[in-house]
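Structural features, examined
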Amino acid sequence: MAGRGRPRSFDREAALLSAMRLFWERGYEATSLTDLTAAMGIKSPSLYAAFGSKEALFREAVALYERTEGGITERALTGPATARAAVDGVLRGNAVAYTEPGNPRGCMIVLAATNCAPENEAVRRFLAEDRRRTQGLLRDRIERGVAEGDVPAGADTAALASFYTTVFHGLSIQARDGAPRAELLGVVDAAMGAWDGLAARG
């Protein structure tokens, strides 16, 4: 009977968490394999054996981010009773998360691969699709508000979702640029102050 392979000498989940934080802080292209192996406490052969490639590791890191740090959005969209409260929860919850002491500022999904060299176009598309999916979730929640009567029947749900997604992404960029939490929450207050007027437009 064949013997078992040599067990890994590192904690895969801990290594993945370290990689996630590095990608979140520096972005995909600015994070080298040397940076990753140093942060994860492993050698290159172990990285390839455990994760396959830098891109595969990044995709796993994004999935981990979405399950943990990035889960605020989906929780907000499934929690409050009205669409307005749900969107407010998305913006406000993320504004707080983006300025949490000890974490990289801003959103990994928004910031980690906005611009990429041609050979990394698949990574840029991967995150762009993720952002579009989130915009779709916002629109679905607003359309549910129309069905449940807390959003006017003639509301342009696509425009509302696009507007609040743009605010959402802008908060991330402002946070990365050093804007304090109070300033971001002020932006949220202003954006939500526009809700009734935007929702009334057909």
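Residues numbered from 1 in each chain as written. Predicted model: local features only at pLDDT ≥ 70, side-chain atom pairs only at ≥ 80, totals over all residues. Heavy atoms only, no water.

**Remarks on the UniProt feature "DNA-binding region" (unreviewed entry) in the protein**
To keep things clear, this is the line we draw: UniProt positions are given in the numbering used here, feature names are shortened, and annotations may be inferred rather than shown by experiment. Helical segments are the DSSP runs of H or I of at least four residues, strand segments are the runs of E of at least two, and each set is numbered from the N terminus.
When the UniProt feature table is mapped to this numbering, "DNA-binding region" (unreviewed entry) covers residues 32–51. Summarising residues 32–51: 80% helix, 0% strand, and an end-to-end C-alpha distance of 15 Å.

**So, the layout of surface pockets**
For clarity, the threshold we go by: Of the two site types, the cavity is a set of points on a 1 Å grid over the protein atoms alone where a 1.4 Å probe fits but cannot get out, and the pocket is an open set with protein on both sides within 12 Å along at least five of seven lines, each lined by residues with an atom within 4 Å of a point. Grid points are joined across faces, edges and corners, and a volume is the space filled by probe spheres set on the points. For this classification, the nonpolar set comprises Ala, Val, Leu, Ile, Met, Phe, Trp, Tyr, Cys and Pro, the charged set comprises Asp, Glu, Lys and Arg, and every other residue, Gly included, is treated as polar.
Roughly 250 Å³ of internal volume is contained in the largest pocket. Around the largest pocket, the lining is made up of 17 residues, and of these Glu66, Gly70, Thr73, Asp130 and Thr134 lie nearest the centre. The leading source of residues in the lining of the largest pocket is helix α8 (residues 121–148), at five residues. Each residue belonging to the lining of the largest pocket can be placed in one class, and the counts come to six nonpolar, six polar and five charged.

**A closer look at the side chain of Thr99**
The cut-off we apply is this: Throughout this description, buried means an accessible area under 20% of the type-specific maximum (1.4 Å probe, protein chains only), exposed means over 50%, and partly exposed covers the range between. In protein, a polar contact means a hydrogen-donor-capable atom and an acceptor-capable atom, both N or O and within 3.5 Å, with residues adjacent in sequence counting only if both atoms are side-chain atoms; elsewhere, any N or O pair within 3.5 Å suffices. Note on contacts: a residue pair qualifies if any of its non-hydrogen atoms lie within 4.5 Å across the two residues.
Within the secondary structure layout, Thr99 lies in the loop between α6 (83–98) and α7 (108–111). According to the relative accessible area criterion, Thr99 is buried, its value standing at 8%. At 3.1 Å, the side chain of Thr99 and the backbone oxygen of Val96 are in polar contact. When neighbours within four sequence positions are excluded, Thr99 is seen to be in contact with Arg105, Ala175, Ala179, Pro180, Arg181 and Leu184.

**Section: empty space enclosed by the protein**
Summed over all chains, the structure comprises one cavity of 30 Å³ or more. Lining the largest cavity are Trp24, Tyr65, Glu69, Ala97, Tyr98 and Gly106. Taken together, the residues that form the lining of the largest cavity break down as four nonpolar, one polar and one charged.

**Describing helix α2 (residues 33–40)**
Applied cut-off: Think of the arc as the fan of directions from the helix axis to the C-beta atoms.
Among the residues making up α2, those that are buried are Leu36, Thr37 and Met40. Down the axis, α2 shows its buried residues gathered within 95° of arc, on one side only. In α2, the exposed positions that point more than 90 degrees away from the buried face belong to Thr34 and Ala38. Following α2 by one or two positions, Gly41 adopts a phi angle in the positive range, close to 70°.

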